Every structure is written in C-alpha cells, then in structure tokens.
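# Notes for the structure review
One letter stands for each residue in the lines below.
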Amino acid sequence: MEISDSWRILVTGVTSIHGWPIFTQLRKLLPETFLYGLRPPNSNIPDAENISSFCITEQEKLEKIRDEFKPTHVIHCAGVCDLDVCEERPEWAHSLNVQGTRAVVDVFGNDTPILYMSTDLVFSGYNSPSGGYTEDDEPNPINVVGKTFAKAETYIQKCKDHCIVRLGLPLGDSIVGTKGAVDWIESRFMRNLPVTLFYDEYRSCIDCEEIGRMTVAILALKLRGLFHLGGDKAWSLYEIGKYVIKKGGYSPDLLNGIMRHQEENGPPRVGNISLNSKKIRSLVGTKNISF
C-alpha cells in the first residue's frame, strides 16, 4: 500500500523495538525532509539530520516541532515497557508513558491524526477468552507497564482523529541492540549465560518488519479507532527462548523453564494475553509472517 508523498510524518520513540521498523519503512516511502523522528535524551542512535533527542514530556520542544516541521500525521511509539524497571520506578514510568502521551495529545491532538502504538500488557491474561482478546474486551492490567499504557490510551481517545494499535510481542533485532525479547535473550546466550523463561506466559508474537508494513497500511487506509495486532500463534516465553537457540545455534542447556508461580520477587506476571487480530487483518488483507 502507498501513502501520499506529501504527508509529513512525525515518529516518536524511534529507538523502540517497534518504532525503528516503522521509521525504517517510512524512510523508503518519504523524502527525508518529510519524515521526523524523536529519540530519548542523550541518545545518538540512529544518527540523522531528521532525528532529535529529548524527553517526550518536554512539551515546548514538541510545540517547536509542530510549528517548524508541521506534521500531517503523528505516530506515537515512545514509552517504556521494561517490567522490572517500571515496577521499581512507577513514577518514572507514569511520567514517560502517561504524561508523555498527554504532552503529545496536548500539542498535536486538535488537528493532527495520531496513531498510538500500545501493548497487549493492558490485559492480565487471567481467564483469557478463547481465541484471544478482542477490541471489545476491557483492559485489566496487573503491572505498572500495563496500567500506564491503559491510562495513556484514555488520553489518545480524547483526540478527534486517532487510531490505537495494541501490539503483541515484537520479535526482531532492535536498532540499539538492547531492546526487545530477542535482543535480551540473545545477549545472554552470546555470553554463555543462562536464561530462565516461563512456560505459562503467552504472547501473540509479531515480526518487527511486519509491524512496519502494517503501520503503512493503517496510514494508507486511514483507519481510526482501536485495533489489535499480533501473530496468529500464541508463544510462551519459553518457546521464544527455544526459537532464539535454534536461530543462533546456541546450547539448549542455556535455557531453563519455570511456571510463573515459581518466580520469587519478580513483577506481576501476565498469563495468556494473546490477541485476536481478525479485525485489522480483515481490513488490510494480509497474514502475519511465520517464524
């Protein structure tokens, strides 16, 4: 699908596991002067003339981009989803995920379409519905990440022209090499360090490149409202570990598995938060990439 070459698109959170493939896909379709990215403070990756570094909560800097770049569309990918860190620093997580989103809405929400990339962690996975969570299911988050993203969604919903996409777990390589499940698991395997993952925590895994392509389709079709986007298969975290071992040829002895109730002193763990993505796939007309 194609988007208008006259659109001017702002992407926040370009270093996130999903923000980078979205930005990369748009680079292929738009002139550099029609695409602008935001990365975290003190970050110099990726390095480009059309990327700036500052905190998403800095509203005055967002206003400057609005006035100078004049985006026709905003794709909001900025946020933090590290479960352990967010449980330890809930106020920080609230600042970035909720107040950062509120700043984006306050600056751009009146007259600019906003596409917000949310998360499946707004659900608990306890007594999950057969076939996966649909857009009609009410969020019931159990951890700080899920609670702050669910709250951020309420601000996005106040925009007259918005689209919210709740993503399953992105699988792929990140631009900084430290974001996402695959990077973290592989970083330990590469150092011959063991990883312990859960047999009974399930996510709808989706390829990062597909996230980029689906985002372009969402823009091209001018979709509005709430959508779920994940893969057709629910993967346990342990199965993801097995995937990384097979992909990289690492020793199977490095992977250990436990049930969620066996973890001590960890953050609240979700159960099966697989997503039902039939709504968006019926509109876009594509199937997910198999791993």
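Refer to the structure above for everything that follows.
Model, not experiment: these values are computed from the prediction.

### Quick notes on the overall build of the protein chain
- Within the protein chain, the secondary structure is distributed over nine helices and 13 strands.
- Compactness check: the protein chain gives a C-alpha radius of gyration of 18 Å against a globular reference of 19 Å for 291 residues, within 12% of the reference.
- Based on the C-alpha atoms only, the size of the protein chain along its principal axes is roughly 55 × 40 × 40 Å.
- In the protein chain, buried positions account for 54% of the 291 residues.
- Once local pairs closer than 6 in sequence are excluded, the contacts in the protein chain between residues at least 24 apart make up 79%.
- Accessible surface, the protein chain: about 13,500 Å² in total, of which carbon and sulfur atoms supply 47%.

### What to know about the nonpolar core
- Within the largest apolar cluster, 42 residues are counted, with the highest numbers of intra-cluster contacts made by L10, L38, L62 and F108.
- Those elements that place two or more of their residues in this core are β2 (35-39), α2 (59-68), α3 (83-88), α4 (90-108), β5 (114-119) and α5 (144-156).
- A total of eight residues in this core trace back to one element, the largest contributor, which is α4.
- Sequence-distant contacts of L62, defined by excluding residues within four places in its chain, comprise L38, F54, I56, A103, V104, V107 and F108.

### Let's talk about the packing of α2 against α4
- Between α2 and α4, the shortest axis-to-axis distance is 10 Å and the interhelical angle comes to 35°. For the pair α2 and α4, the sense of crossing is right-handed. Packed against α2, whose contacting residues are Q59, L62, E63 and R66, the element α4 presents A103, V104, D106, V107 and F108 at the interface.
- Of the residues belonging to the contact of α2 with α4, the class tally is five nonpolar, one polar and three charged.

### As for the environment of S95
- With respect to the helices, strands and loops of the structure, S95 is situated in helix α4.
- We classify S95 as partly exposed; its relative accessible area is 28%.
- For the pair S95 and L30, spaced 65 residues apart in sequence, the C-alpha separation works out to 32 Å.
- Beyond its immediate stretch of four places on either side in the chain, S95 contacts T57 and G100.

### Quick look at the sheet that holds strand β11 (residues 225-229)
- A sheet is described by the order of its strands in space; here seven strands give the open sequence β3-β2-β1-β4-β5-β6-β11, paired in parallel fashion. The open sheet has two free edges, formed respectively by β3 (51-53) and β11, since each of these has just one partner strand. Taken pair by pair, the neighbouring strands of this sheet meet at an average axis angle of 20°, ignoring direction.
- Looking at chain direction, β2 and β3 are connected through three bridges and run parallel. Bridged to G37 within β3 is I51.
- Packing of α4 onto the sheet brings it into contact with β1 (9-12), β4 (73-76) and β5, and relative to β4 it is tilted by some 175°.
- Relative to β5, α5 is tilted by about 165°, and along the sheet it contacts β5 and β6 (162-167).

### Quick notes on the packing of helix α1 (residues 19-27) against helix α7 (residues 208-221)
- With their axes 8 Å apart at the nearest point, α1 and α7 run at an angle of 60° to one another. In terms of orientation, α1 and α7 fall into the oblique class. Crossing hand, α1 versus α7: right-handed. Contacts between α1 and α7 involve P21, I22, Q25 and L26 from the first element and C208, I211, G212, R213, T215, V216 and L219 from the second.
- The class makeup of the residues in the contact of α1 with α7 is seven nonpolar, three polar and one charged.

### Concerning empty space enclosed by the protein
- All chains considered together, the criterion is met by one cavity of 30 Å³ or more.
- The computed volume of the largest cavity comes to approximately 90 Å³.
- At the level of elements, β4, β5 and α7 are the ones that each hand at least two residues to the lining of the largest cavity.
- With three residues, the top contributor of residues to the lining of the largest cavity is β4.
- In terms of residue class, the lining of the largest cavity is made up of nine nonpolar, one polar and two charged.

Analysis parameters
- What you see as residue numbers is a count from 1 along each chain, following the sequence as written.
- Under the rules for a predicted model, residues below a pLDDT of 70 receive no local features and side-chain atom pairs below 80 are neither given nor counted, while totals for whole chains, interfaces and linings still include all residues.
- To get the side-chain values, all heavy atoms of the structure are used, and hydrogens and water are removed first.
- Secondary structure follows DSSP: runs of H or I at least 4 residues long count as helices, runs of E at least 2 residues long count as strands, and numbering of each begins at the N terminus.
- Only C-alpha atoms enter the radius of gyration, while the globule expectation follows 2.2 Å times N to the 0.38, with N the number of residues.
- Partly exposed residues are those whose accessible area sits between 20% and 50% of the maximum for their type, while under 20% is buried and over 50% is exposed, using a 1.4 Å probe and protein chains only.
- In this description, contact between two residues means that some pair of their heavy atoms is separated by no more than 4.5 Å.
- Methods summary: accessible areas were calculated by the Shrake-Rupley approach with a probe of 1.4 Å, and residue burial reflects only the protein chains presented.
- Buried residues of nine kinds, namely Ala, Val, Leu, Ile, Met, Phe, Trp, Tyr and Cys, make up a nonpolar core once their side-chain atoms join them within 4.5 Å.
- The convention used is that axes are lines fitted to C-alpha atoms, helices contributing only their stretch in contact, and that angles between N-to-C directions extend from 0 to 180 degrees.
- By the definition used in this description, the sense in which the near helix is turned from the far one sets the handedness, with an anticlockwise turn below a right angle giving left-handed and a clockwise turn giving right-handed.
- Under the grouping applied here, Gly and all other residues not named as nonpolar or charged are polar, the nonpolar ones being Ala, Val, Leu, Ile, Met, Phe, Trp, Tyr, Cys and Pro and the charged ones Asp, Glu, Lys and Arg.
- Paired strands, in this sense, are two strands between which DSSP finds at least two bridges.
- When describing relative orientation, an angle under 35 degrees is termed roughly parallel and one over 145 degrees roughly antiparallel, while 65 to 115 degrees is termed roughly perpendicular and anything else oblique.
- Only protein atoms enter the 1 Å grid, on which a cavity is a set of points fitting a 1.4 Å probe that cannot get out and a pocket is an open set with protein on both sides within 12 Å along at least 5 of 7 lines, lining residues being those with an atom within 4 Å of a point.
- Grid points are joined across faces, edges and corners, and a volume is the space filled by probe spheres set on the points.

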